[in-house]
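Residue-level structure breakdown
Here's the letter readout for the chains.
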Number of protein chains: 2
Amino acid sequence: MPALLRSALSEENRFQSTSETVAWLTEAGETRKLQVERIPFRALDEWSFEPGTGDLVHRSGKFFRVQGLRVSPDTQSEWDQPIINQPEVGILGIIAREMEGQLYFLMQAKMEPGNPLGVQLTPTMQATRSNYTQVHQGARPRYVEYFLERGRGRVLIDELQFEQGTVFLRKRNRNIVIEVAEDVPVADGYCWLTLGQIKKLLQYPNLVGMDTRLVIGCLPFGSTAGSVILNEAKDRRGVNLERSRSAPQDDNWVAAESLSSFGAKLIYSATTTDSAYTDEEVLSWLTELRSQRRLRLQRIGLSSVENWQQSETELAHDARRFFRVLAVSVEADSREVTRWKQPLIGSTEQGLIAFLAQEIHGTLHFLVRGNVEPGNTEQVAIGPSVQYALGFDRLGDRDHWAPFTDLALDAPAETVRYSCVQSEEGGRFYYVENEYRIVELPAAHWLHPPENYLWVTLRQLQTLLKYGFVNVEARNLLACLSLT
Amino acid sequence: MPALLRSALSEENRFQSTSETVAWLTEAGETRKLQVERIPFRALDEWSFEPGTGDLVHRSGKFFRVQGLRVSPDTQSEWDQPIINQPEVGILGIIAREMEGQLYFLMQAKMEPGNPLGVQLTPTMQATRSNYTQVHQGARPRYVEYFLERGRGRVLIDELQFEQGTVFLRKRNRNIVIEVAEDVPVADGYCWLTLGQIKKLLQYPNLVGMDTRLVIGCLPFGSTAGSVILNEAKDRRGVNLERSRSAPQDDNWVAAESLSSFGAKLIYSATTTDSAYTDEEVLSWLTELRSQRRLRLQRIGLSSVENWQQSETELAHDARRFFRVLAVSVEADSREVTRWKQPLIGSTEQGLIAFLAQEIHGTLHFLVRGNVEPGNTEQVAIGPSVQYALGFDRLGDRDHWAPFTDLALDAPAETVRYSCVQSEEGGRFYYVENEYRIVELPAAHWLHPPENYLWVTLRQLQTLLKYGFVNVEARNLLACLSLT
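Residues numbered from 1 in each chain as written. Chains lettered and ligands numbered in written order. Predicted model: local features only at pLDDT ≥ 70, side-chain atom pairs only at ≥ 80, totals over all residues. Heavy atoms only, no water.

Section: the overall build of chain A
For chain A, the helix and strand inventory stands at 13 helices and 26 strands. For a compact globule of 484 residues, the expected C-alpha radius of gyration is about 23 Å, and chain A comes in at 22 Å, within 12% of that figure. Referenced to the eigenvectors of the C-alpha coordinate spread, the extents of chain A come out at roughly 75 × 50 × 40 Å. Considering chain A as a whole, with its 484 residues, one finds that 62% of them fall into the buried category. When contacts within chain A are restricted to residue pairs at least 6 apart in sequence, long-range pairs at least 24 apart make up 73% of them. In the form shown here, chain A has an accessible surface area of approximately 18,600 Å², with 46% of it arising from carbon and sulfur atoms. Averaging the locations of the 51 positively and 62 negatively charged side chains of chain A gives two centres separated by 3 Å. (Helix = DSSP H or I, 4+ residues; strand = E, 2+ residues; numbered from the N terminus. Rg over C-alpha atoms; globule rule 2.2 N^0.38 Å. Buried < 20%, exposed > 50% of the residue type's maximum accessible area, 1.4 Å probe, protein only. Contact = heavy atoms within 4.5 Å. Areas by Shrake-Rupley, 256 points an atom, 1.4 Å probe, with all protein chains shown as cover. Lys, Arg positive; Asp, Glu negative; His and termini not counted. Charge placed at Lys NZ, Arg CZ, Asp CG, Glu CD.)

Now the structure itself:
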């Protein structure tokens, strides 16, 4: 059985159990808590509003710039919004290592000022280019050499992926998992976990950081499944958790045992070529959406942004759409720099990010939407079925709900395959929380997708993801899929 | 056997033989020749240099704009160049239809002012959005409804692909092949051809238009090959064209018979998962190149472009790099509009676009290069092994040849798998010709690729192509690969 799949199905860890990991993270959050205080913009020291444009910039010209964007869509009226311009590609990297037949991932307990719990489980290393070229005079990020030096290990994934297209202008990160064969020193604040353990921790609110979700959301857990697992998945799709005990008691057997009914459907969906639409039809659907030029974009100074009000402490939209820009001071004793002040992005409501799934002709499909996003170079990215997250649409505005919102929210409990509140990256976002949900609709009647929507299998979705066509919210949510 | 592969292997056509098609194109070129004359810029009528910027623009503000671009690479000194800004997505579309067991493609004999032979074989339909929304007051392009109305047929391919990143700023076209089941009226100037016939016509200089090459370059001829063909391909890789006569005389047999030794290697390379680098390593190589921000781009007015001289009749680089901008008047009696004047792009030399191929561990690989292209949104696209085409590098500048140029040019005749001069799209380019070459290096020793280069199989290359990562020059060249 492939090591990745085994790890996804297992919480067996010779170093640290899952409950010990929860305790470790909770304790770290309590003892090493950052002191975070909201401050007025004028107290930001190194950050200030640039004369002329009004953009919020760092004295060094580095890090990022909060500027304005005027967005003119074809189909609705024009809007202005602030947008974060950070023209560099960072790295979100996880080191993997197989030890005694189990594939482990080196994870970190990391503090960020915007984390609701203070500490979250993050990748081995996360760094902007400014970080690892030491622009802000901190230490060189630990473990960075494993990702910068080619040939240190075997590449499991290495993909360029967009971040929030509603907030960032063309910001992308490299998502890397590298499997090494050598001994890796485990520094204080780091630990080895199986993929199954990380999946279990995702059942808790706010414990697993966004960057971790993004990287593991890229892992193709189905594509290398062994034949025993596959047959098991095929047999068990949606029907019966009970099975005969006649199969051999080998590795595959053990793994197949721990596969849930929904997990079996996932594996099957991730591997079969059965699908409601051919791969060519799926790509054609996306090509059509992308060919229609939807948004005209004009970069403007932050002070020219209309319908946003700036107070001493925050910049917010008049109708409480999108997000808020605010400022904090941070004090810590274990980060690269022990005191700093920075702008952060706040939300105006708890968002909702949901996938509707349904078996079509015996194969589980996911309902995806062509999302228009001003900060994505392509303007149209593949998003989840329902998305309210820092954008124009507000969950609180029930009169203008997007299609399927009620279907996602009012789903009977027995059809909800995942539901948990998770927070977004605490180095940029201040207590921004979204509910992540996966709902499996009854297979009885096939919901016909309206324009801009399509049903795709997990194999099709993961292929599009690999080539950078799937948005950050959908990738976040895919990470939450569990096989057990 | 899949219809597409059969069509690629066959010149059997109940409507028109290949030699009749050559005669038909040649005759059309002679009898319906466009009258094209170079004129000074000031005689362009509807086109003029915009006050202030100096940009060359159409009175309507439509079509395209020739403006300036200042390019600052990390690794060499800054340069200025003109660039064509045409912010709309056009369509290059071919209608396919299976008739009496043979898959045919509806092709057109089309005149363009910049075609060396006047007439070329083009797709069923080629149109910018301005075309089919009738901005220039011509007729609606014939057959456009097959591509705009969804569900008219089965999508074989529908991909958004970049055009020349050295000349165009982010210009992309949809490349579509749609297979219809209904009768299609064949208008005057159109004909049905097999893919094998189109491949044969590509052995002639300048007869097959660039847009045709681009669309058929997207067709995945290997991926649906039947098992008989596959086994044949596997057996015959590079060894022996002779074979026993014991196989059954069915369709597959006939097709396998017409497969050349190099064709067998191509089919095998397009289908096998054997490869020198894993798919993850290939994507990682590209991710690494794209993560390094290489070019800073600044749009400038055309009159601010340095090191270019503008005479009455052309705008050209001081050192004859890149290309030339010039103006023509055109007279025709069978185009949508019968007289017009327009700017065109000329070249400064005949270019060279070449692939080196080599069997590595028994599988044919192609040497690709990470090409830095200012007009490509991604800045780095996957290009052929050697490329001199309208860019900074000049073939005439032997002292600064890129790696492998001599290997491509000086290859012994028996290793040259393709060599022909083809011209670029005559609606934008004025007699711009490039030599296209494919050279198979002896399998003896594996050429280790330097940085920026990688060996990939045809399957890997076609996958990357499908998702828009392969540049226009490489796609052009892939179209020239023949199985027979």
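Some details on the relation of the copies chain B and chain A
When chain B is fitted to chain A, the best match, at an RMSD of 0.0 Å, comes from turning it 180° and sliding it 0.0 Å along the axis. Each copy turns onto its partner about a two-fold axis. When C-alpha distances to the rotation axis are compared across chain B, the minimum falls at Tyr-467 of chain B, with a value of 3.4 Å. Both copies present the same face, since 97% of the interface residues in chain B are matched by interface residues at the equivalent positions in chain A. (Least-squares fit on C-alpha atoms with pLDDT ≥ 70 in both.)

Some thoughts on empty space enclosed by the protein
In the structure shown here, the tally under the stated rule is 9 cavities of 30 Å³ or more. Estimated volume of the largest cavity: approximately 390 Å³. Lining the largest cavity are 26 residues, with Glu-378, Tyr-467 and Phe-469 of chain A together with Tyr-467 and Phe-469 of chain B positioned closest to its centre. Looking at the lining of the largest cavity, its residues break down into 12 nonpolar, 4 polar and 10 charged. (1 Å grid on protein atoms, 1.4 Å probe; cavity = no way out; pocket = protein on both sides within 12 Å on 5 of 7 lines; lining within 4 Å. Points joined across faces, edges and corners; volume = space filled by probe spheres on them. Nonpolar A, V, L, I, M, F, W, Y, C, P; charged D, E, K, R; others polar.)

Considerations on the side chain of Asn-371 of chain B
All names here are of chain B. Residue position: Asn-371 is located in strand 20 (residues 363-372). At a separation of 2.8 Å, a polar atom in the side chain of Asn-371 contacts the side chain of Gln-387. Those residues within four positions of Asn-371 in sequence are excluded, and the remaining contacts are Gln-379, Val-380, Ala-381, Gly-383, Gln-387 and Asn-471. (Polar contact = N/O pair within 3.5 Å; in protein donor to acceptor, adjacent residues only side chain to side chain.)

Overview of a positive patch on the surface
On the surface, a cluster of positive charge is contributed by Arg-170 and Arg-299 of chain A together with Arg-170 and Arg-299 of chain B. Locating Arg-299 of chain A in the fold gives a position in strand 14 (residues 295-300). Using a relative accessible area of 47% as the deciding quantity, one classes Arg-299 of chain A as partly exposed. (Patch = residues over 30% accessible without salt bridge, like charges linked within 9 Å, V, L, I, M, F, W, Y side chains within 5 Å. Salt bridge = Lys/Arg side-chain N within 4 Å of Asp/Glu carboxyl O.)

A short note on the interface of chain B and chain A
Counting from both sides, the interface comprises 30 residues of chain B and, opposite them, 29 residues of chain A. Each partner contributes to the roughly 2,700 Å² buried at the junction of chain B and chain A, and carbon and sulfur atoms together form 52% of this total. Taken together, chain B and chain A are joined by 4 salt bridges. As a salt-bridge pair, Arg-174 of chain A and Glu-288 of chain B come within 3.3 Å of each other at their nearest N and O atoms. On the surface where chain B and chain A come into contact, there are 8 residue pairs in polar contact (both at pLDDT 80 or more). Contributing elements (two or more residues each) for the side of chain B that touches chain A: strand 10 (154-162), strand 12 (172-179), helix 10 (279-291) and helix 12 (458-466) of chain B. Among the elements that make up the side of chain B that touches chain A, the one with the highest residue count is helix 10 of chain B (9 residues). The residue inventory of the side of chain B that touches chain A, partitioned by class, reads 10 nonpolar, 6 polar and 14 charged. (Buried area = accessible area lost by both parts, 1.4 Å probe.)

Overview of the environment of Lys-200 of chain A
All names here are of chain A. Along the polypeptide, Lys-200 turns up in helix 5 (residues 195-201). Separated by 132 residues in the primary sequence, Lys-200 and Gly-68 place their C-alpha atoms 40 Å from one another. Ignoring any residue separated from it by four or fewer positions in sequence, one finds Lys-200 in contact with Glu-11 and Thr-18.

Looking at helix 2 (residues 18-31) of chain B
Residue and element names in this part refer to chain B. Its 14 residues give helix 2 an end-to-end C-alpha distance of 20 Å, which sits within 8% of 20 Å, the value for a rise of 1.5 Å per residue. Among the residues making up helix 2, those that are buried are Thr-18, Thr-21, Val-22, Leu-25, Ala-28 and Gly-29. Axial view of helix 2: buried residues confined to an arc of 135°, hence all on one face. Exposed residues lying more than 90 degrees from the buried face of helix 2 are Ser-19, Glu-27, Glu-30 and Thr-31. Looking at the buried residues of helix 2, the elements they touch are strand 7 (102-111), strand 8 (119-122), strand 13 (190-193) and helix 5 (195-201). (Expected span 1.5 Å × (residues − 1). Arc of directions from axis to C-beta.)

So, the packing of aromatic side chains
Counting across every chain of the model gives 33 aromatic pairs over all chains. An aromatic cluster of three or more residues is present, and its members are Trp-79, Trp-308, Phe-322, Phe-323 and Phe-392 of chain A. Against the face of Tyr-146 of chain B rests Arg-152 of chain B, its NZ or CZ located 4.3 Å from the ring centre. (Phe/Tyr/Trp six-rings, centres within 6.5 Å; stacked < 30°, edge-to-face > 60°. Lys NZ or Arg CZ within 6 Å of the ring centre and 35° of its normal.)

Digging into the packing of helix 9 (residues 261-271) of chain B against helix 12 of chain B
Residues and elements named next belong to chain B. Axis separation between helix 9 and helix 12 bottoms out at 5 Å; the angle between their running directions is 60°. Viewed along their axes, helix 9 and helix 12 adopt a mutual orientation that is oblique. Contact with helix 9, carried on its side by Leu-266, Ser-269, Ala-270 and Thr-271, involves Leu-458, Arg-459 and Gln-462 of helix 12 and no other residues of that element. Class assignment for the residues of the contact of helix 9 with helix 12 results in 3 nonpolar, 3 polar and 1 charged. (Axes fitted to C-alpha atoms, helices over the stretch in contact; angles between N-to-C directions. Parallel < 35°, antiparallel > 145°, perpendicular 65-115°, else oblique.)

Some thoughts on the pattern of salt bridges
The final tally for this structure, using the stated rule, is 58 salt bridges over all chains. With a closest N to O distance of 3.2 Å, Glu-182 of chain B and Arg-152 of chain B form a salt bridge. Of this pair, Glu-182 of chain B sits in the loop between strand 12 and strand 13 while Arg-152 of chain B is found in the loop between helix 4 (144-148) and strand 10, placing the two residues 30 residues apart along the sequence. Note on Glu-182 of chain B: relative accessible area 32%, which makes it partly exposed. Owing to a relative accessible area of 24%, Arg-152 of chain B belongs among the partly exposed residues under this scheme. Through salt bridges with shared partners, one network takes in Arg-38, Glu-314, Arg-320 and Arg-324 of chain A.

Description of helix 10 of chain B
Residue and element names in this part refer to chain B. Between the first and last C-alpha of helix 10 there are 18 Å, a value that for 13 residues agrees with the 18 Å anticipated at 1.5 Å per step. Among the 13 residues of helix 10, 10 are classified as buried, and the element is accordingly described as predominantly covered. Residues of helix 10 that are buried include every one of Val-282, Leu-283, Ser-284, Trp-285, Leu-286, Thr-287, Glu-288, Leu-289, Arg-290 and Ser-291, and no others.

As for unusual backbone geometry
Phi is positive for Tyr-143 of chain A, close to 75°, though the residue is something other than glycine. Inspection of the secondary structure assignment puts Tyr-143 of chain A in the loop between helix 3 (129-132) and helix 4 (144-148). Notably, Leu-390 of chain B is not glycine yet its phi reads approximately 65°, a positive angle. In this structure, Leu-390 of chain B sits in the loop between strand 22 (386-388) and helix 11 (405-409). Judged by its relative accessible area of 9%, Leu-390 of chain B is buried.

Thoughts on the environment of Arg-339 of chain A
All names here are of chain A. Assignment of secondary structure puts Arg-339 in strand 18 (residues 339-347). Sequence separation of Arg-339 and Ser-329 is 10 residues, and the distance between their C-alpha atoms is 7.6 Å. Contact partners of Arg-339, with chain neighbours within four places excluded, come to Val-330 and Glu-331.

Here's the deal with the pairing of strand 13 of chain B
Remember that side chains alternate between the two faces of the sheet whenever the strand is regular. Residues and elements named next belong to chain B. Burial of strand 13 is two-sided: the residues Tyr-190 and Trp-192 facing one way and the residues Cys-191 and Leu-193 facing the other way are all buried. Relative to strand 13, strand 7 runs antiparallel, the two being bridged by 4 bridges. Looking across to strand 13, one finds that Gln-108 is bridged to Tyr-190. (Pairing = 2+ DSSP bridges.)

A look at the confidence of the model for chain A
Overall, the prediction assigns chain A a mean pLDDT of 90, with 90% of residues at 70 or greater. Throughout residues 238-249 of chain A the model reports pLDDT below 50, and contacts reaching past four residues in sequence, or to other chains, amount to 16 contacts. (pLDDT = per-residue confidence, 0-100.)

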